[in-house]
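# Summary of structural features
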Amino acid sequence: MKKYSIIICTLLVLMSCSDFLGNQPKGEIIPQSIKHYDLWLNSSILVGGGSTHMNYLTDDVYVSTNGVAYSFGLNIMPPSYRNLYTFEEKVFSQSEDDSQWSSAYGRIHQYNTIMEKIVDATGGGETEIKKLQAEALLARAYDYLILVNTYAKQYDAATSKTDLGIPLLLTSVAPEGTLKRATVEEIYAQIIKDLTEAEKYLPERPTTGLFRGSKKAVYGTFARAYLIRGEYDKALSYANKLLERDKYLLDLKEYNIGVDNPETGYKAPTMEGRIVGIPEGKDNKECVYLKLDDSGMGVGMSAQILASEDLISLFDMENDKRFLLYYSNSFEGEVFNEFLYMPFIYLNLGISTPEMYLTAAECEARIGSKERALELLNALRDNRIINNEPLTAESNDEALTMVLEERRREFAMIGMFRFIDLRRLNKDPRFAKKVEHRVAKTELQEVTFVDEDGTEYKYMDYVEVGEPIIYTLEPNSPKYIMPIPPKVMRFNPGMPDNDRK
């Protein structure tokens, strides 16, 4: 095993030097045996699946001027995050890397290499080769689904054949010359083709770990893709296929915040263990296909962002364990007015059973039975809310509103869920929403602080002045489409960028 690990680690170090658009690096080491390729697919480099920073474009986040506790303040947050939050036309500077793009295309390059080269591998038969190729196909489809929903327009059947998508790379070596952008329709067609082929050769359940491929993961990815496309009959069919095989839900009512002082009951959230015993990542049985944050922040936006008042208003603050476990207005003894998002656990950005419950519920509310929609919705809420009282609805539209609000509570701050939901729901006048971010005007001024002994200290700090600035993101704004990273445009000057004006 040690020998194989060395080979794979050497390979991945060399692969990381490759151009993030798919150029094969010189001197690349290619594994020789089936076992090598199997180990390659175990690499932690391939577990990524989207980034949390897209949440800065949504209505879930609030950024104060100077921040509280360990959260970013507008004056100190990374420039690209600030540009997202204030809805600027430009996001990244010429020297900045867009981890979402580079990570996804880096993985796609590796999946393409695996699919091409494994046919010559030794030590296994056709069945093993097909299974590993199928895992790479599933993973490539998942990454393209993330990419097309970041750097291209929201899917629209009327325009998808002409809407610019993203480069579609299907071999280990990028084509010569300027990269071409496939259409949105072509990207989705490839995603569906890859998933269809992968389903044939994958086992029902992953055989190695939850970050590896399975038929359940294929069904979940199909369901997500068709929900985004607005093809609710197909999304419902695939969500049901997964739920027929796996209905597990974690009962959050069994978990509580750690108590540092049992005598006083004082609860002191810490960076290390704010939630006691809650399973995360691969240990959470709700997980179907494990994908982690591409930005390098394993615990996502924990202790980095405040929740908006709009989001907090949706929670039952006394009984909803998602609020009680994941949000706090105190941190290491400091108390503040806003609520800081701070679960401090590895959250799955990939496919999960809760997502399938909510996908099936939404589709039932749209095209099927509101009773079935509420049955699915209440099953989830029974595992999230203390003494949950089942929801009832007079109409499918009322049930649909309830499901969409539950999606927001369930997936707040996790990956790209809210970002993608805003994009797709903006196509429906009933749910189109203008996002507003308020930012206080500040000036750098001398501030005096007097300690308990009466000693005065003077220092420079940003002080709020005047009325706040309100930044607005209109429904269907072109700013819901991320720009092609500047580094990519430098190497491909003939490739059209996204117009975000």
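Up top is the structure.
Residues numbered from 1 in each chain as written. Predicted model: local features only at pLDDT ≥ 70, side-chain atom pairs only at ≥ 80, totals over all residues. Heavy atoms only, no water.

### Thoughts on the side chain of Asn388
Here Asn388 is to be found in the loop between helix H12 (370-382) and helix H13 (396-411). Its relative accessible area of 13% is what places Asn388 among the buried residues. Excluding residues that lie within four positions of it along the chain, Asn388 makes contacts with Asn378, Arg381 and Asp382. (Helix = DSSP H or I, 4+ residues; strand = E, 2+ residues; numbered from the N terminus. Buried < 20%, exposed > 50% of the residue type's maximum accessible area, 1.4 Å probe, protein only. Contact = heavy atoms within 4.5 Å.)

### A word on the packing of aromatic side chains
Inspection of every chain in the model, using the stated rule, returns 19 aromatic pairs. Taking the centre distance of 4.7 Å and the plane angle of 50 degrees together, the rings of Trp101 and Tyr105 count as tilted. With a gap of four residues between them, Trp101 and Tyr105 both fall in helix H4 (residues 99-117), about one helical turn apart. Arranged with centres 6.3 Å apart and planes meeting at 35 degrees, the rings of Tyr219 and Tyr238 form a pair that is tilted. One end of the pair, Tyr219, is in helix H7 (residues 215-229); the other, Tyr238, is in helix H8 (residues 232-245), and 19 residues separate them in sequence. The exposure class of Tyr219 is buried, given its relative accessible area of 4%. Accessibility expressed as a relative area gives 16% for Tyr238, which makes it buried. Feature note: the residues Phe315, Phe323, Tyr327, Phe339 and Tyr341 constitute an aromatic cluster, connected by ring pairs. Taking the ring centre of Tyr155 as reference, the NZ or CZ of Arg229 above it sits at 4.3 Å. (Phe/Tyr/Trp six-rings, centres within 6.5 Å; stacked < 30°, edge-to-face > 60°. Lys NZ or Arg CZ within 6 Å of the ring centre and 35° of its normal.)

### Comments concerning unusual backbone geometry
Unusually for a residue other than glycine, Phe87 sits at a positive phi of about 60 degrees. In this fold, Phe87 is placed in the loop between helix H3 (79-85) and H4. Located in the positive-phi region is Asn476, a residue other than glycine, with phi close to 65 degrees.

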